[in-house]
Amino acid sequence: MIQDSIKSWVFPLRLLAALILGVLWPLAFAPFNAWFLAIILLFALFWLATTAERPRRAAALGYAFGFGAFCSGVSWISITLHNFAHMDWLLAGGAVALLAAYCAIYPALALWLAIRFFRGNARLVALPVLWIFAEWCRARFFTGFPWLATGYTQTHVFLGGFSAWLGQYGVGLATAGFATILLWMLRESSSRRALLGGVSALLVLSGLALAAGSVSFTHPVGHKLRVSLVQGNIPITEKWNTAAISEILHHYVQLILQTPKNSQLVVLPETAFPIFQTEIPQLISQLQEWSARNHKILIIGIPELADGKYYNAAMEIDGNAPLRWYQKEHLVPFGEYIPLPHLLGPLVHHFLPGLGSFSFGHGPYVLPVDGQKAGMTICYEESFSRDVRKGVREGATFLLNISDYAWYGRSIAAAQSMQMAAMQSRQEQKPDVRDTNTGITTLISPQGEIRIQLPQFVVGTLNGSVQPMAGETPYGRWGSLPYLLLSALLMLLAIGVTRRQSSSRQ
């Protein structure tokens, strides 16, 4: 009776443990940067899953982990919903829980497949492949949501060396592989030979990562570009207040005029000018004259009205040359556009009237800057490697992102985003210029290192220089294809081992 009672509590306790592991998962990411936790937490979760034996129970463990991870890791979404959609905290928290409930499906499915179709050591080969492939799918289905992907935890450490070769999903595969090697060593702890083999495998994996990270695929081209990044620190409550527009425009114009004389590129953040360009022709004409007189290029975040459509855009002013535009292509669901507008539009507009009215941009993905090419993204897009890569494929020699994280208050959202941006730089081996309204405004090296940044929530201008880089990394050239091919080879290995084990049992 006592043993039966104990057994009835074992799995609920395992579920609780998986949930706690998930809640801790964001600590492996910025701003906490406990990168080693990613390996430890995956090791613990994979141990729970492989000892559960039943596929449904493994899936439940994966779901508990995912639900806890996303509830804690993207809880900052509730700040926007509460402050600007006027939801009470309970309802805003419920919306975050719904998102977490969706995202948790992917780790649940990964663990279910691993336990259902693989056995023994083959299961340990399949686990990291399925785990990261589930993240790859999550970043693509239903426009994608790449937050809290395993590879980003290793942005600034040795396993990140694989990024230029395999992208962040390849880095994630190495990270999850590290965890499964440790798990295999635990399972074979009675065998000295297995322990030595495991240590050797970890050393080889680490050595390969360090060697991979030392290879340069890009090279300097042209002279360093002197940039000034304007951080306006305009509260969202003021930014979209029509009565404050004149004051906001004056604020930014004064900051532009105060930039150093030797700056070649002056950048303003996403929707810094919260008004259509058609409504301020005189100001734009004056900025063109200033640009021509001072030999400076301006890139300004401003909504564009063209052909009866609205775009979240960046406008380039290069003297008296015709205006050039980058139109944001990857829009935020429910913020910049509404999926199934006839069904969901009335509900969204009840909370946020006027939102969801932007149209999808359609390239080009670079803007010319003093003989170089800036690979453009706006806000959310920089979180998607495939979006950043579009500019690189068009010849970008540096990356440029404009954003506004004022929506998320004093949360961890901006730090998470900056870490993802640093991974994009490391994947492409291109410097990244990031200008935001409230921070984090920064310059990132081609190795993903944060060179210089402004404090958050201050008005200021970050002055510095970047060295444009020509050439392509393997990831920049082929995207996720090398990672997917490696994953396919590992899956074939796992399938072969499983079949061999099944044949030997018969």
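For clarity, every value in this text was computed on a predicted model and none was experimentally measured. Sequence order sets the numbering: in each chain, residues are counted from 1 along the sequence as written. Local features in this predicted model are restricted to residues of pLDDT 70 or higher, and side-chain atom pairs are both shown and tallied only at a pLDDT of 80 or more, whereas totals for entire chains, interfaces and linings draw on every residue. Hydrogens and water are ignored here; the side-chain numbers use all heavy atoms of the structure.

(A) Quick look at the overall build of the protein. Strands here are runs of E lasting at least two residues and helices are runs of H or I lasting at least four, both read from the DSSP assignment and numbered beginning at the N terminus. Within the protein, the secondary structure is distributed over 17 helices and 14 strands. The C-alpha radius of gyration of the protein comes to 24 Å, within 12% of the 23 Å expected for a compact globule of 506 residues. For every residue, the accessible area obtained with a 1.4 Å probe (protein chains only) is divided by the maximum for its type, and the residue is called buried under 20%, exposed over 50%, and partly exposed between those limits. For the protein, the residues scored as buried account for 56% of the 506 residues in total. A separation of at least 24 residues holds for 71% of the contacts in the protein among residues at least 6 apart in sequence. Here the protein displays about 21,900 Å² of accessible surface, and carbon together with sulfur accounts for 63% of that area. A positive count includes Lys and Arg, and a negative count includes Asp and Glu. His and the chain ends are not counted in either. Note that the charge is assigned to NZ on lysines, CZ on arginines, CG on aspartates and CD on glutamates. Positive and negative charge centroids in the protein, built from 36 and 27 side chains respectively, lie 15 Å apart. For the radius of gyration, the atoms used are the C-alpha atoms, and the globule rule reads 2.2 Å times the number of residues raised to 0.38. Residue contacts follow a heavy-atom distance rule, with two residues in contact if any of their heavy atoms lie within 4.5 Å. For the area figures, the Shrake-Rupley method with a 1.4 Å probe applies, and any residue is considered shielded solely by the protein chains shown.

(B) Geometry of the nonpolar core. Counting 114 residues, the largest nonpolar core has Trp25, Leu265 and Leu400 as its most contacted members. If we ignore the near neighbours within four places in the chain, the residues touching Trp25 are Ala38, Leu41, Leu42, Phe65, Ala69, Leu148 and Thr150. The criterion is simple. A nonpolar core is a set of buried Ala, Val, Leu, Ile, Met, Phe, Trp, Tyr and Cys residues joined through side-chain atoms within 4.5 Å.

(C) Focus on the domain arrangement of the protein. Just so you know, the domain bounds were taken from an automatic or database domain assignment. Domains assigned within the protein are domain 1 (10–217 + 480–504) and domain 2 (219–472). Between domain 1 and domain 2, the contact holds 39 residues from the first and 33 residues from the second. What counts as buried area is the accessible surface, traced by a 1.4 Å probe, that two parts surrender upon association, with contributions from both included. For the pair domain 1 and domain 2, the summed buried area comes to about 3,100 Å², and 60% of that belongs to carbon and sulfur atoms. When the buried area of domain 1 at its contact with domain 2 is split by residue, Phe84, Trp147 and Tyr152 rank highest and sum to 22% of it. Polar contacts here mean pairs of N or O atoms no more than 3.5 Å apart (in protein, one a potential hydrogen donor and the other a potential acceptor; neighbouring residues in sequence count only if both atoms are side-chain atoms). Taken together, the links from domain 1 to domain 2 amount to 19 residue pairs in polar contact (both at pLDDT 80 or more). Broken down by secondary-structure element, the contributors of at least two residues to the side of domain 1 that touches domain 2 are α4 (77–83) and α8 (163–187).

(D) Representation of the packing of aromatic side chains within the structure. Within 6.5 Å between ring centres, the rings of Phe, Tyr and Trp (the latter by its six-membered ring) count as paired, and their orientation is classed by plane angle as stacked under 30 degrees, edge-to-face over 60, tilted in between. Summed over all chains, the structure comprises 23 aromatic pairs. Between Tyr102 and Phe142, the ring centres sit 5.9 Å apart and the planes meet at 75°, which makes this aromatic pair edge-to-face. Placement of the pair is Tyr102 in helix α5 (residues 89–103) and Phe142 in the loop between α7 (120–138) and α8, with a sequence separation of 40 residues. Among the residues examined, Phe142 registers a relative accessible area of 70% and is labelled exposed. An angle of 25° between the planes, with centres 5.3 Å apart, marks the rings of Phe145 and Trp147 as stacked. The exposure classification of Phe145 matches that of Trp147, with both residues buried. One aromatic cluster is present, built from ring pairs that chain together Phe70, Trp76, Phe145, Trp147, Tyr380, Phe384, Tyr405 and Tyr408. Should the NZ of a Lys or the CZ of an Arg lie within 6 Å of a ring centre and within 35 degrees of the ring normal, that charge is described as sitting over the ring. Over the ring of Phe11 we find Arg57; its NZ or CZ atom is 4.6 Å from the centre of that ring.

(E) Structural context of helix α14 (residues 385–393). If you check which residues of α14 are buried, you get Ser385, Asp387, Val388, Gly391 and Val392. Summarising the contacts, the buried residues of α14 are in contact with α8, β7 (366–369), β8 (372–378), β9 (398–403), α15 (413–428) and α16 (474–478). Looking one or two residues beyond α14, the residue adopting positive phi is Gly395, at roughly 95°.

(F) Summary view of the sheet that holds strand β10 (residues 432–436). What the 6 strands build is an open sheet, ordered β7-β8-β9-β10-β11-β12; its pairing is mixed. Two strands in the sheet have a free side with no partner beyond their single neighbour: β7 and β12 (450–453). With strand direction ignored, the average angle separating the axes of adjacent strands in the sheet is 20°. The pairing of β7 with β8 spans 4 bridges and is antiparallel. Bridging from a neighbouring strand, Val369 pairs with Gln372 of β8. To obtain an axis, a line is fitted to C-alpha atoms, over the contacting stretch when the element is a helix, and the angle between two such axes runs from 0 to 180 degrees between their N-to-C directions. Along the sheet, α14 makes contact with β7, β8 and β9, crossing β8 at roughly 160°. One requirement defines pairing of two strands: DSSP has to find at least two bridges between them.

(G) Spotlight on a nonpolar patch on the surface. The patch calculation keeps residues exceeding 30% relative accessible area without a salt bridge and links them within 9 Å when they carry like charges or within 5 Å when they are nonpolar (Val, Leu, Ile, Met, Phe, Trp, Tyr). Here, a salt bridge means any side-chain nitrogen of Lys or Arg that lies within 4 Å of a carboxyl oxygen of Asp or Glu. Taken together, Trp9, Leu13, Leu16, Leu19, Ile20, Val23 and Leu24 make up a surface patch of nonpolar side chains, about 630 Å² in accessible area. Of note, Val23 is situated in helix α1 (residues 2–24).

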